Amino acid sequence: MDKEADLRKAKRRALAWLMVAAVLFVAMLLAPHNVWTLGIKAMAEAAMVGALADWFAVAALFRRIPIPFISRHTAIIPRNKDRIGDNLAAFVQEKFLDASSIVSLIRKHNPAQLIADWLTAPANTQRLSVHVASLLRTVLDFIDDVRIQIFMKDAIHAAIDKIDLSQSAGTILDGLTKDGRHQELLDQSIAQLTTLLNKPATRDFICQQIIQWIKREHPRKEKLLPTAWLGEHGAELISETVNAVLDDIVNDDKHALRKEFDDYVYKLIERLKHDPDTARKAEEIKLYLKNDVALNTYINQLWGGLRTWLKADLDRPDSVLHAKVAASGRWIGLAVAQDQNLRDSLNAHMEYAAQRMAPDFAKFLTRHISDTVRGWDTEEMSRQIELNIGKDLQYIRINGTFVGGCVGLILYLLSMLPGLWSATPAG
């Protein structure tokens, strides 16, 4: 609305000056003729001619002027809409999207250094984190939770399908048994068990279990026997016996239990890798996992919990995501700023990308510009161009009025020179 008002105001101003010239012309026609009135009349006449000529020139750009033999050369913009679009597209391609021009621009401005300088400013990284957080918040508001849940469920199920449980478990155990590493694991387990048996709390637990067993299985004897003494010494006996057995296993690399452990592990690996029954059971486990209500419910709730946490974190002044994005931006900026080779590499990659992408992008953009302009309504396009530059074009009319008046006055004065020359007395 402001552009339309400005355009109407500019048109009225140009018309007003034309009317001033017309009034002066009529007034001078009615006034007694002398050198002054004739001069003003000539000036006003030329001013009207200049104003009308420039009005025609400006109006002919946007609309048809119904004058015989001339109208076909009016409405220049509407009649040449498609050609304007093609020329505009070609101009953009040649002047802005040429690969060599873009590469020269990259070499001139060193964008890697500009990026580093921008990211090392704390205010900029803070601004970056705000924008990223705002974008993420918008995504969270518009994202379809059901689709995300289905996607996560399908992804996890696909991952389960791809896993060969029996083969994977067999491979893992096979790796653990290399160089006797499973025996080291056995030794560590024995050490942990020994430590557990030597704890007073463990012996108290064994003691209580012995006492409870005597009371439950031999209630009458329990009244005659020293139950507490039996429980205490029984727990000590059990602990010492087990510790003795475990010490024998630890100190004897060829202990029978070690051999049995080896045999069991190797047989288990063989079954996991080659036994059809074990493979079938592994597939049953996978099917059970995929159909397990608890697991699927957890998967569905997982996204909801993550989404809730993200939104809550983004709304906090001390947002973790804000801080992480800002810190990452500063780290990238410092890394680029302190490494000349990295900056050169980034600029080189930008140049390479420009050389590879510029031709295709230029073709796409120029075709898009051309097709877009062709698709515009002719009248609307002409109207929009007039709204945007018509105000300035009205000054052509005003200038034409003044220039025409000045030219008319000059021509009048020149026409007076022969009379003045002949009226001059001969020397």
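Numbers given to residues run from 1 along each chain, matching the order in which its sequence is written. This being a predicted model, a pLDDT of at least 70 is required before a residue's local features are given, and a value of 80 or more before pairs of side-chain atoms are given or counted; all residues contribute to the totals for chains, interfaces and linings. Side-chain numbers come from the whole structure's heavy atoms, not from hydrogens or water.

Moving on: the overall build of the protein. Helix numbers and strand numbers start at the N terminus; a helix is a DSSP run of H or I with at least 4 residues, a strand a run of E with at least 2. In terms of helices and strands, the protein carries 19 helices and zero strands. Residue burial in the protein is summarised as follows: out of 427 residues, 28% are buried. Any two residues having at least one pair of non-hydrogen atoms within 4.5 Å are treated as being in contact. Considering only intrachain contacts with a sequence separation of at least 6, the fraction spanning at least 24 residues in the protein is 74%. With the model as given, the accessible surface of the protein reaches about 28,900 Å², and the carbon-plus-sulfur share is 64%. Think of it in three bands: residues with accessible area under 20% of the maximum for their type are buried, residues over 50% are exposed, and the middle band is partly exposed, with areas taken using a 1.4 Å probe on protein chains only. A 1.4 Å probe and the Shrake-Rupley method give the accessible areas. Residues count as covered only by the protein chains that appear here.

This part takes up the packing of helix α6 (residues 111-119) against helix α18 (residues 340-375). The interhelical angle for the contact between α6 and α18, taken along N-to-C directions, is 125°, at an axis separation of 8 Å. One element, α6, and the other, α18, form an angle in the oblique class. Across the interface between the two elements, Pro-111, Ala-112, Gln-113 and Ile-115 from α6 touch Arg-343, Leu-346, Asn-347 and Met-350 from α18. Looking at the contact of α6 with α18 residue by residue, the classes come out as five nonpolar, two polar and one charged. Only the stretch in contact is used when a helix axis is fitted, and all axes are lines through C-alpha atoms; the angle between N-to-C directions ranges over 0 to 180 degrees. An angle below 35 degrees is read as roughly parallel, one above 145 as roughly antiparallel, one from 65 to 115 as roughly perpendicular, and any other as oblique. Three classes are used: nonpolar for Ala, Val, Leu, Ile, Met, Phe, Trp, Tyr, Cys and Pro, charged for Asp, Glu, Lys and Arg, and polar for all others, with Gly counted as polar.

UniProt positions are given in the numbering used here, feature names are shortened, and annotations may be inferred rather than shown by experiment. The UniProt feature table records "transmembrane region" (unreviewed entry) at residues 14-36, 42-62 and 401-421. Secondary structure across residues 14-36 divides into 83% helix and 0% strand, with the first and last C-alpha atoms of the span separated by 26 Å. The span residues 42-62 is 100% helical and 0% strand by assignment, and the distance between its end C-alpha atoms comes to 31 Å.

Turning our eyes to something else, we now look at a nonpolar patch on the surface. Nonpolar side chains (Val, Leu, Ile, Met, Phe, Trp, Tyr) within 5 Å and like charges within 9 Å form the patches, drawn only from residues with over 30% relative accessible area and no salt bridge. Criterion for a salt bridge: a side-chain nitrogen of Lys or Arg within 4 Å of a carboxyl oxygen of Asp or Glu. The grouping of Val-403, Val-407, Ile-410, Leu-411, Leu-414 and Leu-417 at the surface amounts to a nonpolar patch, some 550 Å² of accessible area in total. Along the chain, Leu-417 turns up in helix α19 (residues 378-423).

Turning to unusual backbone geometry, a few remarks are in order. Unusually for a residue other than glycine, Ala-75 sits at a positive phi of about 50°. Looking at where Ala-75 falls in the secondary structure, it is placed in the loop between α2 (35-62) and α3 (76-79). Overall, Ala-75 belongs to the buried group, its relative accessible area being 10%. The residue Asn-110 is not glycine, and still its phi comes out positive at about 50°. Looking at Asn-110, the relative accessible area reads 28%, which means it is partly exposed.

On to the side chain of Asp-292. Turning to its location among the elements, Asp-292 is positioned in the loop between α15 (276-291) and α16 (293-314). The buried charged residue Asp-292 lacks any salt bridge partner; its closest oppositely charged side chain belongs to Lys-153, at an N-O distance of 11 Å. From its side chain, Asp-292 meets the backbone nitrogen of Ala-294 in a polar contact 3.4 Å long. Charge convention: Lys and Arg are scored as positive, Asp and Glu as negative, and His as well as the terminal groups of each chain are ignored. In protein, a polar contact requires one atom able to donate a hydrogen and another able to accept it; more generally it is a pair of N or O atoms within 3.5 Å, and residues adjacent in sequence count only if both atoms are side-chain atoms.

Moving on to a negative patch on the surface. Lys charges are placed at NZ, Arg charges at CZ, Asp charges at CG and Glu charges at CD. A cluster of acidic side chains, namely Asp-204, Glu-232, Glu-236 and Glu-240, defines a negative patch on the protein surface. At three residues, helix α13 (residues 227-251) tops the list of elements feeding residues into the negative patch. Note on Glu-236: relative accessible area 32%, which makes it partly exposed.

Residues grouped as a nonpolar core are buried Ala, Val, Leu, Ile, Met, Phe, Trp, Tyr and Cys residues, joined through side-chain atoms within 4.5 Å. Counting residues in hydrophobic clusters, the biggest one holds eleven residues: Val-58, Phe-62, Ile-77, Ala-89, Val-92, Leu-97, Ala-362, Ile-369, Val-373, Met-381 and Leu-393. Breaking this core down by element, the ones donating at least two residues are α2, α4 (81-95), α18 and α19. Those residues in contact with Ala-89 that sit more than four places away from it in its chain are Thr-366, Ile-369 and Ser-370. The next biggest cluster of nonpolar side chains, apart from the first, holds eight residues, and it includes Ala-133, Leu-140, Leu-310 and Leu-314.

With respect to the helices, strands and loops of the structure, Thr-37 is situated in helix α2. On the basis of relative accessibility, which here comes to 11%, the residue Thr-37 falls in the buried class. Among the polar contacts made by the side chain of Thr-37, one reaches the main-chain amide nitrogen of Asn-34 at a distance of 2.8 Å.

Glancing now at helix α7 (residues 122-142). The terminal C-alpha atoms of α7 lie 30 Å apart, and with 21 residues this matches the ideal 30 Å at 1.5 Å per residue to within 8%. Of all the residues in α7, the buried ones are Asn-124, Thr-125, Ser-129, Ala-133 and Leu-140. Where the residues of α7 are buried, they touch α6, α16 and α17 (320-338). Here a helix's expected span is defined as the number of its residues, less one, multiplied by 1.5 Å.

Our next topic: the environment of Leu-342. Assignment of secondary structure puts Leu-342 in helix α18. Separated by 230 residues in sequence, Leu-342 and Ala-112 place their C-alpha atoms 8.6 Å apart. Dropping the residues within four chain positions of it, Leu-342 is found in contact with Ala-335 and Val-336.

The next subject is the environment of Ile-148. Relative to the helices and strands, Ile-148 resides in helix α8 (residues 145-162). Put simply, Ile-148 and Trp-303 are 155 residues apart on the chain and 7.4 Å apart in space, counted from C-alpha to C-alpha. Among all residues touching Ile-148, those that are not within four sequence positions of it are Ile-143 and Trp-303.

Look at α16 against α17: their axes get within 7 Å of each other, and the N-to-C directions meet at 75°. Judged by the inter-axis angle, α16 sits roughly perpendicular to α17. Residues Leu-310, Asp-313 and Leu-314 of α16 touch α17, and the partners they reach there are Val-320, Leu-321 and His-322. When grouped by side-chain class, the residues that make up the contact of α16 with α17 number four nonpolar, one polar and one charged.

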